[in-house]
There are 4 protein chains.
Amino acid sequence: MTATRRYTLIISCPDRSGIIAAVSGFIARHNGWIVEASYHTDLETQRFFMRQEMLANSLPFELDEFITRFSELASKFDMDWRISDSAKKKRVVILVSKQDHCLNDLLHRWRSGELQVGIPCVISNHEDLRGFVEWHGIPFHCVPMQDKTAAFAEITRLFEQSRGDVMVLARFMQILPADLCARYAGRIINIHHSFLPSFAGAKPYHQAYQRGVKLIGATCHYASAELDAGPIIEQDTMRIDHGDTVEDMVRYGRDIEKTVLARGLRYHVEDRVLVCGNKTIVFR
Amino acid sequence: MTATRRYTLIISCPDRSGIIAAVSGFIARHNGWIVEASYHTDLETQRFFMRQEMLANSLPFELDEFITRFSELASKFDMDWRISDSAKKKRVVILVSKQDHCLNDLLHRWRSGELQVGIPCVISNHEDLRGFVEWHGIPFHCVPMQDKTAAFAEITRLFEQSRGDVMVLARFMQILPADLCARYAGRIINIHHSFLPSFAGAKPYHQAYQRGVKLIGATCHYASAELDAGPIIEQDTMRIDHGDTVEDMVRYGRDIEKTVLARGLRYHVEDRVLVCGNKTIVFR
Amino acid sequence: MTATRRYTLIISCPDRSGIIAAVSGFIARHNGWIVEASYHTDLETQRFFMRQEMLANSLPFELDEFITRFSELASKFDMDWRISDSAKKKRVVILVSKQDHCLNDLLHRWRSGELQVGIPCVISNHEDLRGFVEWHGIPFHCVPMQDKTAAFAEITRLFEQSRGDVMVLARFMQILPADLCARYAGRIINIHHSFLPSFAGAKPYHQAYQRGVKLIGATCHYASAELDAGPIIEQDTMRIDHGDTVEDMVRYGRDIEKTVLARGLRYHVEDRVLVCGNKTIVFR
Amino acid sequence: MTATRRYTLIISCPDRSGIIAAVSGFIARHNGWIVEASYHTDLETQRFFMRQEMLANSLPFELDEFITRFSELASKFDMDWRISDSAKKKRVVILVSKQDHCLNDLLHRWRSGELQVGIPCVISNHEDLRGFVEWHGIPFHCVPMQDKTAAFAEITRLFEQSRGDVMVLARFMQILPADLCARYAGRIINIHHSFLPSFAGAKPYHQAYQRGVKLIGATCHYASAELDAGPIIEQDTMRIDHGDTVEDMVRYGRDIEKTVLARGLRYHVEDRVLVCGNKTIVFR
């Protein structure tokens, strides 16, 4: 990641020849300097997906003007599209329970400048992590879960008030209501402590132990109405053996969980993840 | 693996203190030289598992005498036990369909001397691989699958006639009858082309493609009555991305399948795998 | 890899804006259908690298005509460029000594159709592998190494006579003369059994054992005048531990060597590898 | 790791038959319950290495008595040996410069109870991390490096005053004087940001970038007089590609560095690492 301001153009449209030429021609006519370009055609839907990252100051006009001018081309190709500006950092609201390894990891990446986002607040159903969060100068909201309806209403209110772009469930350990998942589809990122689709639901390391698998894993995915079944962004696995107890798996697993979540979130905030049905395209 | 002749003693018994001392004391009293020793206690069943590899010529008597003398100690600790002799190679019968990447890999390890086994025959439901197998000087039997009952009876007959120790399903692509799995429990090794328990059954790469996972895998396990649900011996995974088609996965997958099967089979023939319920202990 | 005929256009030129637009515009004007497109700018040399794969039958003319028409555009941007046709398989000459794990692996990929190349001959300094190679219907030439000058002259003659595109040193275990490396720069692929730059030269597993590393590796690279110092195409590593002897490392290492070589060779024959100084760009 | 108090017995001695029997017999006679046992023979030196972990309360006497009684046996076999008590936590002094990813990671493992050690103080040559360290209630000492002799004298004084068992260089970025390394041989753990022996010394990611390797790595090792050449405890690698800049490598590398250091330190404080010449035996 560089300090240079960049625009990132994300496009999906029905596949046909000439799309790359039309888009790159448009950018070239305005002297736009493309620093990264990625393409993909989904064979099942015959849809084309595209990501172009360009230097903001190579263009002779502002983002508004780009949007106006590009719209004509976009409608010609029947494009779904958006453009983002690296100068406008994504706002990430983190939800956490008591386990703080993912939170600790994300906050370190944030305070060291590795993760270029804003964190308007952290929400938890317990008070335990208040001190650590507030030490960072980040507001901490405790929302108890006794009355779930009220709790999720409050979480929604806090997210809206924070003008959150993305909600990260950093081992939140609570099942989100389906309407919340639907409302923020593609904007809620969960880390599940198994290599999905194996071991969805509760206590995945216990399930893994019972089945006697030889590797464990973690999965970063968008939350959807069906539990642990949303589009997968990133996964990883690591080797265990017969001598490892459930407690060992929990301990090893934390290291996979935090790196998988950090990578998935990074891809998301850099506009590298495009959702296609229940799958993702990740332009790394 | 060395050319030096070794005895491998495999024990399981209820856990208590003094087992290691009793066994290693027995071996030491007869001047046995232990070159590898491994232990494990299963916490759920409170059973103790042990593997001792010793130099055959360090002992003052033959295997028969060892067995006689050790039996007394074994019954005192209520042991299930066996001892194997590296001079007596395991006899491996390989079953294969048309896909030959695992067969090719196993036969190369065998002819290069890496895999110290005998291969009395290869059985297939197609003629395609006869030439390649027979080039190695190994008998090839074609058993068509039109009449499954007759076919599996013939396979059983061939296995028995070959005095087979272990049956390897090297991408055999046929579901074995439950009674065959029961008869040879812990002696039939299958390679499944997914990271089990995900994507059991048919066309696992298609299933993986549909789910949009970010890694694919392979699993080597003992066949059991329930399909793809037997004790897992070895697994591995590799990274894919959104650009990979099912055909790409099939191609990448072959490389995992063959190494995972080769490792699993090696552990088995070196008496490194102990079954405990539906799990395995692998003393690598 | 698909059976559909494709043209692959490889370009490198000084970086500037408008290159992608010019090339994709050229292809679009002739209704060319791009199925894969990759770009890279080398920051040190400020050179731009590009690979475009297009469906051959989407273009209204043959390759000759493409070349003629594209030349004008190419000279405008001062491009080094070439275009290849998937219908014209690369001709791969394999050199091998006595260790045959890489040879066995490559020949299987070839006969199963996974590796879409021609193999005009296999050359060895020993007779051992003649039977196995000839079983495949591939000519086998034994070139003894007593007189190295004569031997390498003969190897060059055989390579030329075979109209070889690429020479693969599949554990050939002989140091090539510098002039041969220079003559076929970027066309000789070696597999070295260490994670370079560690443990160049002879007996890398012994070196690794002495140093006490916790992972071993293999490196596929283009041969250059300086031993084991040419541009790296592909590498991989695997975990070992203190219990592993040099012999164990040799055995494990074979599995890495063959997959790393197979991947590197595949990238090469699919025109995915571009050399930039002493480094490679691999458009996977 | 469990809360149950354990004794860990570490032995090395010339190899001969009967060692395991003698040691396990000794423990069994006193009703000691062994929960983990590991062995290794170094083939070059013909030395035998052993680690036995037993439940403290299974023995009828205290550690002093164990030591007295075991000494007789130990001298019979010419053993180097020690025994540690899990109730007596190792004291870890952390040295750090400005980069805090390893520090942040270690402090989280410590405050979450995953890493069962004491941290008497953190020492740095900069003031930057004082606030973060002191938030944990851990004393922070800033020792500027202008006068290196004085600085290392002060570091030694602080380490001694803290009764430190092990000194961790968590990206300290300073070369330790040879006499300090000698004085605390096997007690200073460094994390180097390359896959040693490749890229020792300064700016390893720049070296890796220049060489064009396809994976980067990190190495946790004991510091010795020769820079980055001490016994390796743990290593790992990860894949990069031609598109990754030095800055990308630095960023990815942080994730390997912190997990490799955390694993290496954990092995050390659990008495799992035995040094043998310039290599380590790690009984995981």
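Residues numbered from 1 in each chain as written. Chains lettered and ligands numbered in written order. Predicted model: local features only at pLDDT ≥ 70, side-chain atom pairs only at ≥ 80, totals over all residues. Heavy atoms only, no water.

Enquirer: Any chance you could explain helix α8 (residues 246-269) of chain D here in plain terms?
Expert: Think of an α-helix as 3.6 residues a turn; residues three or four steps apart then line up on the same face. Residue and element names in this part refer to chain D. Between its terminal C-alpha atoms α8 stretches 33 Å, which fits the 34 Å expected from 24 residues at 1.5 Å a residue. Its maximal kink placed at G253, α8 deviates by approximately 30°. Burial within α8 is extensive, with 20 of its 24 residues counted as buried. Following α8 by one or two positions, D271 adopts a phi angle in the positive range, close to 55°. (Helix = DSSP H or I, 4+ residues; strand = E, 2+ residues; numbered from the N terminus. Expected span 1.5 Å × (residues − 1). Bend = angle between axes of the 7 residues up to and from the residue. Buried < 20%, exposed > 50% of the residue type's maximum accessible area, 1.4 Å probe, protein only.)

Enquirer: Got a minute to help me understand the packing of helix α3 (residues 101-111) of chain B against helix α3 (residues 101-111) of chain C in this structure?
Expert: Working note: a packed helix pair is described by the angle between its axes plus the distance between those axes. Here α3(B) crosses α3(C) at 155°, and the two axes come no closer than 11 Å. The pairing of α3(B) with α3(C) is recorded here as roughly antiparallel in orientation. Regarding α3(B) and α3(C), the two cross each other, and that crossing is right-handed. Between α3(B), through B:H101, B:N104, B:H108 and B:R111, and α3(C), the contact on the second element is made entirely by C:H101, C:N104, C:H108 and C:R111. Classifying every residue of the contact of α3(B) with α3(C) by side-chain character gives no nonpolar, 6 polar and 2 charged. (Axes fitted to C-alpha atoms, helices over the stretch in contact; angles between N-to-C directions. Parallel < 35°, antiparallel > 145°, perpendicular 65-115°, else oblique. Left-handed = near helix turned anticlockwise from the far one by under 90°. Contact = heavy atoms within 4.5 Å. Nonpolar A, V, L, I, M, F, W, Y, C, P; charged D, E, K, R; others polar.)

Enquirer: Explain the relation of the copies chain C and chain D to me, please; I cannot follow it from the model alone.
Expert: One copy of the chain maps onto the second through a rotation around an axis plus a translation along that axis. In the superposition of chain C on chain D (RMSD 0.0 Å, axial shift 0.0 Å), the rotation amounts to 180°. In symmetry terms, the pair is related by a two-fold rotation axis. The C-alpha atom lying nearest the rotation axis in chain C is that of C:S198; the distance is 2.6 Å. Comparing interface residues between copies, 100% of those in chain C also lie at the interface in chain D; the contact surface is shared. (Least-squares fit on C-alpha atoms with pLDDT ≥ 70 in both.)

Enquirer: Would you mind going over the confidence of the model for chain A with me for this structure?
Expert: Close inspection of predicted coordinates is inappropriate in any region flagged by low pLDDT. Per-chain confidence: chain A averages 96 in pLDDT, with 99% of residues scoring 70 or above. Of the two predicted TM-score estimates for the complex, the pTM is 0.97 and the ipTM is 0.95. (pLDDT = per-residue confidence, 0-100.)

Enquirer: What am I meant to see in the pairing of strand β2 (residues 34-42) of chain C here?
Expert: Sheet faces and side chains relate simply in a regular strand, where the side chains alternate between the two faces. As paired elements, β2(C) and strand β3 (residues 47-55) of chain C share 8 bridges and run antiparallel to each other. Its bridge partner lying in β3(C), C:Y39 is registered against C:M50. (Pairing = 2+ DSSP bridges.)

Enquirer: What should I look at first to understand the interface of chain A and chain C in this one?
Expert: Many descriptions give the size of an interface as the accessible area lost when the pieces come together. At the interface, 14 residues of chain A touch 14 residues of chain C. Here chain A and chain C share an interface that buries about 1100 Å² over both sides, 72% of which is from carbon and sulfur atoms. At the surface where chain A touches chain C, the tally comes to 2 residue pairs in polar contact (both at pLDDT 80 or more). (Buried area = accessible area lost by both parts, 1.4 Å probe. Polar contact = N/O pair within 3.5 Å; in protein donor to acceptor, adjacent residues only side chain to side chain.)

Enquirer: Just checking my understanding: could you explain the environment of C:G118 for this structure?
Expert: Relative to the helices and strands, C:G118 is located in the loop between α3 and β6 (122-124). Separated by 79 residues in the primary sequence, C:G118 and C:P197 place their C-alpha atoms 32 Å from one another.

Enquirer: So what exactly am I meant to see when it comes to the sheet that holds strand β9 (residues 188-192) of chain C here?
Expert: Working definition: the strands of a sheet are paired by backbone hydrogen bonds and lie parallel or antiparallel to each other. Residue and element names in this part refer to chain C. Spatial ordering of the open sheet is given by β7-β6-β5-β8-β9-β10-β11, a layout of 7 strands whose pairing is mixed. Of all strands in the sheet, those with a lone pairing partner are β7 (140-142) and β11 (232-239), marking the two edges. Geometrically, the sheet is characterised by an average inter-axis angle of 15° between neighbouring strands, direction not taken into account. For strand β8 (residues 166-169) and β9, the ladder comprises 3 bridges, and the chain directions are parallel. Directly across from V168, in β9, lies its bridge partner I189.

Enquirer: How should I be thinking about the relation of the copies chain A and chain C in this particular structure?
Expert: Superposing chain A onto chain C takes a rotation of 180° combined with a translation of 0.0 Å along the rotation axis, leaving an RMSD of 0.0 Å. Mapped onto chain C, 100% of the interface residues of chain A are again interface residues, and the two copies thus contact each other with one and the same surface.

Enquirer: What's the story with unusual backbone geometry in this structure? I'm lost.
Expert: Cis geometry marks the peptide bond from A:L196 to A:P197, where omega comes out at 10°. Residue position: A:P197 is located in the loop between β9 (188-192) and α7 (204-211). Here B:D271, not a glycine, exhibits a phi torsion of approximately 55°, which is positive. Looking at the element boundaries, B:D271 is found in the loop between α8 (246-269) and β12 (273-276). The phi dihedral of D:R163 falls on the positive side, at around 50°, and the residue is not glycine. Following the sequence through the fold, D:R163 ends up in the loop between α5 (148-161) and β9 (166-169).

Enquirer: What am I meant to see in the packing of aromatic side chains here?
Expert: To describe a pair of aromatic rings, you give the distance between the ring centres and the angle between the ring planes. Scanning all chains against the criterion turns up 35 aromatic pairs over all chains. Between C:Y39 and C:F48 the ring centres are 6.0 Å apart and the planes differ by 20°, which places this aromatic pair in the stacked class. Grouped by ring-pair contacts, the aromatic residues A:F26, A:F61, A:F66, A:F70 and A:W81 constitute a single cluster. Sitting over the face of the ring of D:F132, A:R111 holds its NZ or CZ atom 4.1 Å from the ring centroid. One Lys or Arg, C:K279, reaches over the ring of D:Y209 and ends 3.4 Å from the middle of that ring. (Phe/Tyr/Trp six-rings, centres within 6.5 Å; stacked < 30°, edge-to-face > 60°. Lys NZ or Arg CZ within 6 Å of the ring centre and 35° of its normal.)

Enquirer: What am I meant to see in the domain arrangement of chain A here?
Expert: Residue and element names in this part refer to chain A. The domains assigned to chain A are domain 1 (6-85) and domain 2 (90-282). Relative to domain 2, the C-alpha centre of domain 1 lies at a distance of 31 Å. Every contact between the two is made by 13 residues of domain 1 and, on the other side, 9 residues of domain 2. When domain 1 packs against domain 2, close to 810 Å² is buried across both sides, 55% of that on carbon and sulfur atoms. Ranking the residues of domain 1 by area buried against domain 2 places F49, R51 and R82 at the top, with a combined share of 48%. Taking the shortest distance from any N to any O, the salt bridge between E53 and R272 comes out at 3.7 Å. Remark: the boundary between domain 1 and domain 2 carries 5 residue pairs in polar contact (both at pLDDT 80 or more). Of all the secondary-structure elements, those providing two or more residues to the side of domain 1 that touches domain 2 are β1 (6-14), β2 (34-42), β3 (47-55) and β4 (80-85). Looking at the side of domain 1 that touches domain 2 element by element, the count peaks at 4 residues for β3. (Domains from an automatic or database assignment. Salt bridge = Lys/Arg side-chain N within 4 Å of Asp/Glu carboxyl O.)

Enquirer: Would you take a moment to explain the side chain of C:N125 for this structure?
Expert: All names here are of chain C. Looking at the element boundaries, N125 is found in the loop between β6 and α4 (130-135). Look at N125 and you get buried, because its relative accessible area is 10%. Discounting residues that sit within four places of it in the chain, N125 has contacts with V96, S97, C142, V143, P144, M145, F172 and Q174.

Enquirer: Honestly, the pairing of strand β8 (residues 166-169) of chain B in this entry has me stumped. Any pointers?
Expert: Residues and elements named next belong to chain B. Side chains of β8 alternate between two faces, with V166 and V168 and M167 and L169 buried alike. Bridge count for strand β5 (residues 92-96) against β8 is 4 bridges, and the pairing is parallel. Bridge pairing in β8 places V92 opposite V166. On the question of chirality, the crossover connecting β8 to the parallel strand β9 (residues 188-192) by way of helix α6 (residues 178-183) is right-handed. (Right-handed = clockwise from strand over helix to strand, strands pointing away.)

Enquirer: What should I look at first to understand the interface of chain C and chain D in this one?
Expert: With 38 residues of chain C at the contact, the number on the chain D side is 38 residues. Here chain C and chain D share 4 salt bridges between them. Between C:E234 and D:R239 there is a salt bridge, and its shortest N-O distance comes to 3.1 Å. On the surface where chain C and chain D come into contact, there are 20 residue pairs in polar contact (both at pLDDT 80 or more). Taken together, the elements giving at least two residues each to the side of chain C that touches chain D come down to β2, α7 (204-211), β11 and β13 (279-282) of chain C. Looking at the side of chain C that touches chain D, the element that brings in the most residues is β11(C), giving 7 residues. Class assignment of the residues belonging to the side of chain C that touches chain D gives a composition of 14 nonpolar, 12 polar and 12 charged.

Enquirer: Quick question: what am I supposed to make of the pattern of salt bridges here?
Expert: A side chain with one charge may pair with a side chain of the opposite charge, provided their charged atoms come close. Residue and element names in this part refer to chain D. A full pass over the atoms with the stated rule returns 116 salt bridges over all chains. Between R6 and E53 there is a salt bridge; the shortest N-O distance is 2.6 Å. Of the two residues, R6 is situated in strand β1 (residues 6-14) and E53 in strand β3 (residues 47-55); the sequence distance between them amounts to 47 residues. No difference in accessibility class separates R6 from E53, as the two residues are buried.

Enquirer: Honestly, empty space enclosed by the protein in this entry has me stumped. Any pointers?
Expert: Think of a ball as big as a water molecule: rolled over the atoms, this probe shows where empty space is left. The tally for this structure, following the rule as stated, stands at 12 cavities of 30 Å³ or more. Put simply, the largest cavity is a space of about 160 Å³. A:G212, A:D241, A:H242, B:K279 and B:T280 are the residues nearest the centre of the largest cavity, which is lined by 15 residues in total. Ranked by residues supplied to the lining of the largest cavity, first place goes to strand β13 (residues 279-282) of chain B with 3 residues. For the lining of the largest cavity, the per-class residue count stands at 6 nonpolar, 4 polar and 5 charged. Within this model, the second largest cavity holds a volume of roughly 120 Å³. Lining the second largest cavity are 15 residues, with B:R16, B:S17, B:G18, B:I20 and D:I34 positioned closest to its centre. Those elements that provide at least two residues to the lining of the second largest cavity are α1 (19-29) of chain B together with α1 (19-29) of chain D. Residue composition of the lining of the second largest cavity, grouped by class: 8 nonpolar, 5 polar and 2 charged. (1 Å grid on protein atoms, 1.4 Å probe; cavity = no way out; pocket = protein on both sides within 12 Å on 5 of 7 lines; lining within 4 Å. Points joined across faces, edges and corners; volume = space filled by probe spheres on them.)

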